[in-house]
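Results of the structural survey
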Amino acid sequence: MKKQIYLDNAATTKVKDEVLDAMLPFFKEDYANPSAIYSFANKAEAAVIESRKTIADVIGANENEIYFTSGGSESDNWALKATAEAYADKGKHIITSKIEHHAILHSLEYLEAKGFEVTYLDVDEDGLINPEELEAEIRDDTILITIMTANNEIGTIEPIKRIGKIAHKHGVLFHTDAVQAFGHIPIDVDAMDIDMLSASGHKINGPKGIGFLYIRKGVKIRSFMHGGAQERKRRAGTHNVPGIVGFAKAASIAAKNMEKTIKKEIEVRDHFIKRVEEEIPYVKLNGHRDLRLPNNANFCFRFIEGESMLIMLDAKGIYASSGSACTSGSLDPSHVLLAIGLPHEIAHGSLRVTISEETSIEEIDFVVDELKQIIDRLRSMSPLYEDFVKKQVESAINKANNVAV
């Protein structure tokens, strides 16, 4: 059996044994609907209540401000569309960035078709927005600012605390898509002036199909899912009790081990970055070098196609990506890489590596060794690279001749 190294933890993560163990009783033993009034439902109901509190504690919220959803995309859709509906009488202007996840961008496209106006902020070459530029775009009819906590592709962590302060200074609601950040870096909704926050279980070694939306008390957004009276009449649908319990267990473990995990992941990540930059020519690290998620490294390799690189890595048992899993079927280059100023031909050669606390230095060394060979092979088949090398040689010869003269 070939060696298998999973380096796509931004797409999804492996469920921890402790998480699965916590979930199992709610499939076959305590499987009652927590909304039922008979005593058999008591354990399921208590588990949902306790899980809500556990998750709230991770971000410094009150348990009554946590609403369970099917995942990050639903939470993003709810935050944007319900806010737009509830505050339309005040205004129809929303501010976001050009590097948001498609759950945000496509929701905003939907709202634009409904008559709302959206300002898409530029980012710098590291993927950071400029808070001063954001503040300058706030108008009397601005009702919402939505900026992701950390980018899912290039790992850049945005100045969320400063953005929240600006939003509240102007009386504007602030939502952050924290799907990639929750459980990976510290978040405090009060200290950061966050009014709404989206997160998802499967990014932190929890199950898929479960997420939450934090809604600060007093924010008057409406229901998104209609039907029953679950989630204090704000989100209909039978509770996914095993998913909720698993998410809470994963969040508890992530919070408890966060400091140790961050230290370990940064060590392995930086080792990977150092070797790639030192041993593979014509490569660019994407995202901020320091203000980035601990487990993220994103590179562009010139003169190659990212898809070919991923296929060849896969053949070696190395599983990585070129960007968001939600757009993996697209032939277009990443909108994030284009937004940070990369031309199409370079953006096409991207590789995103997202490690876990289980990823070892030895595994990373194996990956870099294989990657070097793959890049060399792909470039040897590239006419663009051949022309580039030829021009480099000619330039060197001309320079040497000029020096000799």
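See the structure above.
Since the model is a prediction, treat every value here as computed from it, not as a measurement. Starting afresh in each chain, residues are numbered from 1 along the sequence in its written order. Where local features are concerned, this predicted model is filtered to residues with pLDDT of at least 70; where side-chain atom pairs are given and counted, the filter is 80 or more; whole-chain, interface and lining totals use all residues. Neither water nor hydrogens contribute to the side-chain values; these are computed over all heavy atoms in the structure.

1. Comments concerning the environment of D270
Counting from the N terminus, the helices are DSSP H or I runs at least four residues long and the strands are E runs at least two residues long. As for its position among the elements, D270 is in helix 9 (residues 241-279). Sequence separation between D270 and K208 is 62 residues, and the spatial gap between their C-alpha atoms is 29 Å.

2. As for a nonpolar patch on the surface
Two distance rules govern patches: like charges are joined within 9 Å, and nonpolar side chains (Val, Leu, Ile, Met, Phe, Trp, Tyr) within 5 Å, applied only to residues with over 30% relative accessible area and no salt bridge. The Shrake-Rupley method, run with a 1.4 Å probe, gives the accessible areas here. Residue values count only the displayed protein chains as cover. A pair is scored as a salt bridge if a Lys or Arg side-chain nitrogen falls within 4 Å of a carboxyl oxygen belonging to Asp or Glu. On the surface, a cluster of nonpolar side chains totalling about 340 Å² of accessible area is made up of V15, L20, L24 and F27. With respect to the element layout, V15 can be found in the loop between strand 1 (5-6) and helix 1 (17-23). Exposure remark for V15: the relative accessible area of 33% places this residue in the partly exposed category. Exposure is judged per residue with a 1.4 Å probe applied to protein chains only, and the accessible area is read against the type maximum: over 50% gives exposed, under 20% gives buried, and values in between give partly exposed.

3. Focus on the nonpolar core
If you look at the biggest cluster of nonpolar residues, it comprises 60 residues, and the most contacted ones within it are L134, I145, F182 and F212. Elements that contribute at least two residues to this core include exactly helix 1, helix 3 (42-59), strand 2 (66-69), helix 7 (160-169), strand 7 (196-200), strand 8 (211-215), helix 9 and helix 11 (335-339). Looking at this core element by element, the count peaks at eight residues for helix 9. Excluding anything up to four places from it in sequence, L134 contacts I95, L121, I129, I145, I147, I163 and I166. Working definition of a nonpolar core: buried Ala, Val, Leu, Ile, Met, Phe, Trp, Tyr and Cys residues. They are joined through side-chain atoms within 4.5 Å. Counting residues in hydrophobic clusters, the runner-up holds 28 residues, among them V276, L285, I318 and V353. The criterion used for residue contact is that any of the two residues' heavy atoms lie within 4.5 Å.

4. Structural notes on the environment of A178
Take A178: it is sitting in the loop between strand 6 (173-177) and strand 7. Residues A178 and K256, 78 residues apart in the sequence, show an inter-C-alpha distance of 18 Å. Aside from chain neighbours lying at most four places away, what touches A178 is T149, I187, L197 and S198.

5. A closer look at the side chain of Q180
Note that Q180 resides in the loop between strand 6 and strand 7. Of the residues examined, Q180 reaches a relative accessible area of 10% and is grouped as buried. Among the polar contacts made by the side chain of Q180, one reaches the main-chain carbonyl oxygen of A10 at a distance of 2.8 Å. Once residues within four sequence positions are removed from consideration, Q180 is found in contact with A10, A150, N152, K203 and L293. Pairs of N or O atoms within 3.5 Å make up the polar contacts considered here, provided that, within protein, one atom can donate a hydrogen while the other can accept it, and that residues adjacent in sequence are counted only when both atoms are side-chain atoms.

6. Regarding the sheet that holds strand 6
What the seven strands build is an open sheet, ordered 2-8-7-6-5-3-4; its pairing is mixed. Among the strands making up the open sheet, the edge pair consists of strand 2 and strand 4 (117-121). On average, adjacent strands in this sheet sit at an angle of 20° to one another, irrespective of strand direction. Only strands joined by at least two bridges in the DSSP assignment are considered to pair. Of the pairings in the sheet, the one linking strand 3 (residues 93-97) to strand 5 (residues 142-146) comprises three bridges and is parallel in character. For I95, the partnering residue across the bridge sits in strand 5 and is I145. Fitted lines through C-alpha atoms give the axes, limited to the stretch in contact for helices. The angle between two N-to-C directions lies from 0 to 180 degrees. Contacting strand 2, strand 5, strand 6, strand 7 and strand 8, helix 4 (residues 72-86) runs over the sheet at an angle of about 160° to strand 7.

7. Some points on the pattern of salt bridges
Counted by the stated rule, this structure contains 22 salt bridges. Taking the shortest distance from any N to any O, the salt bridge between R235 and E74 comes out at 2.7 Å. Of the two residues, R235 sits in the loop between helix 8 (230-233) and helix 9 while E74 sits in helix 4, which places them 161 residues apart along the sequence. When sorted by exposure, R235 lands in the same class as E74, which is buried. Two residues, R275 and D369, come together in a salt bridge whose shortest N-O distance is 2.7 Å. Of this pair, R275 sits in helix 9 while D369 sits in helix 13 (residues 361-380), placing them 94 residues apart in sequence. Owing to a relative accessible area of 34%, D369 belongs among the partly exposed residues under this scheme. Members of the salt-bridge network, linked through shared partners, are R275, E279, D365, D369 and K372.

8. Notes on the sheet that holds strand 10 (residues 296-301)
Within the open sheet, the three strands sit side by side as 9-10-12. Their pairing is antiparallel. Edge positions in the sheet fall to strand 9 (283-286) and strand 12 (350-354), since each of these pairs with one other strand and no more. Taken pair by pair, the neighbouring strands of this sheet meet at an average axis angle of 25°, ignoring direction. Two strands pair when backbone bridges link them, and strand 9 and strand 10 are joined in this way by four bridges, in the antiparallel orientation. Its bridge partner lying in strand 10, N286 is registered against N298. In this fold helix 10 (residues 306-315) packs onto strand 10 and strand 12, with an angle of close to 45° to the strand it touches most, strand 12.

Shape descriptors only; they carry no functional weight alone.
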